[in-house]
Amino acid sequence: YLWWIIPQTIIIFCFIIFLISYLIFIPILKLKSLTITFCIPIAFIPIFLLIIYSEINEEKLEKNLISYIIQLKNQVKINNDIIVAFRNTSKYAMKPLNTYINIFLFEVSNGVNVTVAFENLKNKVNIERFKQLITNLESCYMNGGDFYNLLDKTQNIFFLPLIFLNVSISFLHHKES
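Residues numbered from 1 in each chain as written. Predicted model: local features only at pLDDT ≥ 70, side-chain atom pairs only at ≥ 80, totals over all residues. Heavy atoms only, no water.

A.B. asks: Would you explain the packing of aromatic side chains in this entry?
C.D. replies: Aromatic ring pairs: the centre-centre distance and the angle between the two ring planes describe each pair. One pass over the structure, following the stated rule, counts six aromatic pairs. Relative to Tyr-22, the ring of Phe-18 has its centre 6.2 Å away and its plane inclined at 25 degrees; by these criteria the two rings are stacked. Taken as a pair, Phe-18 and Tyr-22 lie in helix H1 (residues 7-29) at a separation of four residues, close to a single helical turn. What makes Tyr-22 buried here is its relative accessible area of 17%. (Phe/Tyr/Trp six-rings, centres within 6.5 Å; stacked < 30°, edge-to-face > 60°. Helix = DSSP H or I, 4+ residues; strand = E, 2+ residues; numbered from the N terminus. Buried < 20%, exposed > 50% of the residue type's maximum accessible area, 1.4 Å probe, protein only.)

This is how it looks when you write it as structure tokens:
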């Protein structure tokens, strides 16, 4: 989680890159309009890098989501309290998920309604499976449901495509030999 990446900082970086590239290319290209046309795409490099960085993070997060669900499931088995489970597992979640969970815990401990904190947590991550998990946890919390059962079923649903993939691969390997 890069706290300094806010829109104003990105705009400033883009502007600085534009100015530097303009100063470098104006003596080479000699036409202001051509130089400006050439420098505008260069100015958007920080935005492209940020998009790539966020996609890499989302991919890593999605790969590690199932192990985090297993950790949560083991924690709620003890006392069926999702807040305590989040508190006990936040240090094992990878970044930026652990940061988001710590923000969630901070909000809850400072009087923010738990459903509002769940909504805030859901809005921080662009992974559809994660959003569905948080929606289900929020619903389970509001209705006094069984978190262990919910996380067990979620784990099975997330694992199901992996099981089919492994069966298909082993079938193909068996057929080749």
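And the narrative resumes.
A.B. asks: I keep staring at the pattern of salt bridges and nothing clicks. Help me out?
C.D. replies: Pairing is possible between side chains of opposite charge, provided their charged atoms come close. Under the defined criterion, the tally for this structure stands at three salt bridges. The residue Lys-73 makes a salt bridge to Asp-152 at a minimum N-O spacing of 3.2 Å. Of this pair, Lys-73 sits in helix H3 (residues 45-79) while Asp-152 sits in helix H8 (residues 147-176); the two residues are 79 residues apart in sequence, bridging distant segments of the chain. Of the charged contacts in the structure, one is a salt bridge between Glu-138 and Lys-122, with a shortest N-O distance of 4.0 Å. In this pair, Glu-138 is assigned in helix H7 (residues 128-142) and Lys-122 in helix H6 (residues 114-124), connecting sequence segments 16 residues apart. Each member of the pair, Glu-138 together with Lys-122, is buried. Sharing partners across several salt bridges, the network here consists of Glu-119, Lys-122 and Glu-138. (Salt bridge = Lys/Arg side-chain N within 4 Å of Asp/Glu carboxyl O.)

Functional significance is not addressed by these values, which are geometric in nature.
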